Amino acid sequence: MNRFSQIVVGLSLLLALSGPASAGPAAEPAGFWTGPMRGQTPASLAGANVIDAKALAALIASDRPLLIDVAAEEAKPAGMAPDALWLPIHRSVPGSVWMPGAGDGALTPPQDALLTAQVDALTAGAKAKPVVVFCHRDCWASWNAAKRLVRQGYLRVYWFPDGVEGWQDAYEAGVIKQDPEWAARPR
Amino acid sequence: MLKPRAVAIVLALLSTALLPGQGAAAPDQTQRAARWNELQTAIFGARTVQAADGLIAMETPDRALDAAYVPITLTMPQKDKVAAVYLFVDDNPSPYAAHFTFGPAADPSQIRLKVRVDSYTDIHAVVETKDGALHQTSRYVKASGGCSAPAGVTPEEASKGMGEMSLKLPAAIRTSAPVEGVLTIRHPNFNGMQMDQATRGYTPARFIREVKVSSGGQSIFTLNADISLSSDPVISFRFMPQNAPIEVSALDSQDGRWARSFVTAPAGR
């Protein structure tokens, strides 16, 4: 192989490795993500720690963090027979507070205010209290919600991108109900 | 030199003991049992559902490769006693996956099909005997995301050829022995929970709700299904050859109706 073809091969290898954007994790958007909720998320979140299930289990054991699950609730699909059995159930990291929809990129001001008030109450106003946010794998909702908490000045925000699936792979998940105050949010 | 290691071992043991859920699997078992109780009551009311007692067995993968197509094999060894079989994916929002009612031309010894699984769940199969008793078996399956998994192609693409059917049969059929047929129905079986990534709306539910298979005027089975059946349903079933074509009809949730007759190739006798 002559030097020219070596350079060509080297360059094309480099191109292949740096590849199209879809091949790797998404870059962090400057603001909240308002695109499709399902999709490849970034590998990081500025101001927050990214943790896996094992690290989360250790954190739960050592620091008793506030666990916030922002996975979407399942709405009965249009087109199902009225008498069809529809019994959604939600399993999550035990002890989590479930606030579906709290990871929307564009919360309405009343929803934003309610989320702020809920997290403030659940942390008893302590900005240093560790807070873990998650939903599902490849779901932007938890990234958004964690970012919102970073912006609100929480000092120990943990983003758990593997979510419920990552947890279930290693540990038991428990049935949880939606946070009652969040359930009554203005839609 | 040994001390730090000993400390490390103790710490490791301690952290294992402290991990939530580990060892103490009890809370989860309790919740899963409670869920099954809830479903049982919703479907069977006050009727007792007994243990399998050799009337039903189920095979599933422990961990599914594709949660949108989890293969299930139901075996009913005492086939002469079997009237119907139900399949439930406990933790799916629509847990009632399938109900096969067998007719006189059936050999209800085995059914195979594929279902969607939304999250790690128990799957229950319940056989109903001709004398009205219910017996169940269950398996725990690790699979998730099967309900919201997008079709992979546009809804229009996925809907192409809707209602087309094929039936795979042995090359030669002897009327004296049961035969296995593999029925495939082309249908996206949209469950209403799949997001169209282009429009960001949910693709409206449209799914097979009934399949009837018969031969020579004798029913083989009627399947009542819901949104948990995988797209392009594939159903394996056994039947007693009637020396007549196999008639298949399907009905979906938007009143789509399809029917086809499959001629069998008899080998005589």
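None of these values were measured; they are calculated from a predicted model.

The rules we used
Residues numbered from 1 in each chain as written. Chains lettered and ligands numbered in written order. Predicted model: local features only at pLDDT ≥ 70, side-chain atom pairs only at ≥ 80, totals over all residues. Helix = DSSP H or I, 4+ residues; strand = E, 2+ residues; numbered from the N terminus. Contact = placed C-beta atoms within 7 Å. Nonpolar A, V, L, I, M, F, W, Y, C, P; charged D, E, K, R; others polar. Pairing = 2+ DSSP bridges. Core = buried A, V, L, I, M, F, W, Y, C linked by C-beta atoms within 7 Å. Buried ≥ 20, exposed ≤ 12 C-beta atoms within 10 Å, placed from the backbone. Expected span 1.5 Å × (residues − 1). Arc of directions from axis to C-beta. pLDDT = per-residue confidence, 0-100. Right-handed = clockwise from strand over helix to strand, strands pointing away.

J.: It is not clear to me how the overall build of chain B should be interpreted in this structure. Could you clarify?
T.: For chain B, the count of helices and strands is three helices and 15 strands. When contacts within chain B are restricted to residue pairs at least 6 apart in sequence, long-range pairs at least 24 apart make up 70% of them.

J.: It is not clear to me how the interface of chain A and chain B should be interpreted in this structure. Could you clarify?
T.: Reports of interface size often rely on the accessible area that becomes lost once the parts have come together. Contact with chain A, which involves 25 residues of that partner, is made by 34 residues of chain B. When residues of the side of chain A that touches chain B are traced back to their parent elements, those giving at least two are α2 (53-63), α5 (163-170) and β7 (174-175) of chain A. With four residues, the single largest contributor to the side of chain A that touches chain B is α2(A). Its residues assigned to classes, the side of chain A that touches chain B comprises 17 nonpolar, three polar and five charged.

J.: Before we go on, may I ask you to explain the sheet that holds strand β5 (residues 131-134) of chain A in this structure?
T.: Strand-to-strand pairing in sheets goes through backbone hydrogen bonds, with the strands running parallel or antiparallel. Residue and element names in this part refer to chain A. Within the open sheet, the five strands sit side by side as β1-β6-β5-β2-β4. Their pairing is parallel. Single-partner strands in this sheet number two, and they are β1 (48-50) and β4 (97-98). Note: strand β2 (residues 66-69) against β5, four bridges, orientation parallel. Along β5, the bridge assignment pairs I68 with V133.

J.: It is not clear to me how the nonpolar core should be interpreted in this structure. Could you clarify?
T.: One recurring pattern in soluble globular proteins is that nonpolar side chains are buried together. If you look at the biggest cluster of nonpolar residues, it comprises 55 residues, and the most contacted ones within it are V85(B) and A97(B). Sort the elements by how many residues they give to this core and strand β4 (residues 82-89) of chain B lands first, with six residues.

J.: I tried to follow helix α3 (residues 109-122) of chain A on my own but got confused; where do I start?
T.: The α-helix winds at 3.6 residues per turn, so residues separated by three or four positions along the chain end up facing the same way. All names here are of chain A. With 14 residues, α3 should cover 20 Å at 1.5 Å per step; its first-to-last C-alpha distance of 20 Å lies within 8% of that length. Residues L114, L115 and V119 constitute the buried set of α3. For α3, the arc enclosing every buried residue in end-on projection is 125 degrees, short of the 170-degree limit, so these residues lie on one face. In this structure, α3 carries P109, P110, A117 and A121 as exposed residues pointing more than 90 degrees from its buried face. Next to the buried residues of α3 lie β5, α4 (141-151) and α6 (180-183). One or two residues past the end of α3 sits A124, with phi positive at roughly 50 degrees.

J.: What am I meant to see in the confidence of the model for chain A here?
T.: Detailed reading of predicted coordinates is not advised where the pLDDT is low. This prediction gives chain A a mean pLDDT of 88; 87% of its residues lie at or above 70. pLDDT under 50 marks residues 7-22 of chain A. Its contacts with residues more than four places away, or in other chains, come to one contact.

J.: Please explain the pairing of strand β11 (residues 208-215) of chain B as it appears in this structure.
T.: The side chains of a regular strand alternate, residue by residue, between the two faces of the sheet. Residues and elements named next belong to chain B. Within β11, six of the eight residues are buried, which leaves it mostly tucked inside the rest of the structure. Where β11 lies against strand β12 (residues 218-225), six bridges are found, and the strand directions are antiparallel. Within the sheet, the bridge partner assigned to S215 lies in β12 and is Q218.

J.: What am I meant to see in the sheet that holds β12(B) here?
T.: Residues and elements named next belong to chain B. If you trace the nine strands from one edge of the open sheet to the other, you get β1-β8-β7-β4-β5-β12-β11-β14-β15, paired in mixed fashion. Strands with a single pairing partner mark the edges of an open sheet, and in this sheet they are β1 (49-50) and β15 (257-262). As judged from the seven bridges shared by β4 and strand β7 (residues 121-129), these two strands associate in the antiparallel manner. Note on β7: the bridge partner recorded for L87 is A125.

J.: Got a minute to help me understand the pairing of β5(A) in this structure?
T.: Covered by surrounding structure in β5(A) are V131(A) and V133(A) together with V132(A) and F134(A), the residues of both alternating faces. Remark: the β5(A)/α4(A)/strand β6 (residues 157-159) of chain A crossover connection has right-handed handedness.

J.: What am I meant to see in unusual backbone geometry here?
T.: With the exception of glycine, the majority of residues adopt a negative phi angle, and the majority of peptide bonds are in the trans configuration. Within the chain, A124(A) stands out as a residue other than glycine whose phi angle is a positive 50 degrees. When you line up the elements, A124(A) lands in the loop between α3 and β5. A count of 8 C-beta atoms within 10 Å places A124(A) in the exposed class. Phi is positive for D255(B), which is not a glycine, with a value near 65 degrees. As for its placement among the helices and strands, D255(B) is situated in the loop between β14 (246-252) and β15. Its 7 C-beta neighbours within 10 Å are what place D255(B) among the exposed residues.

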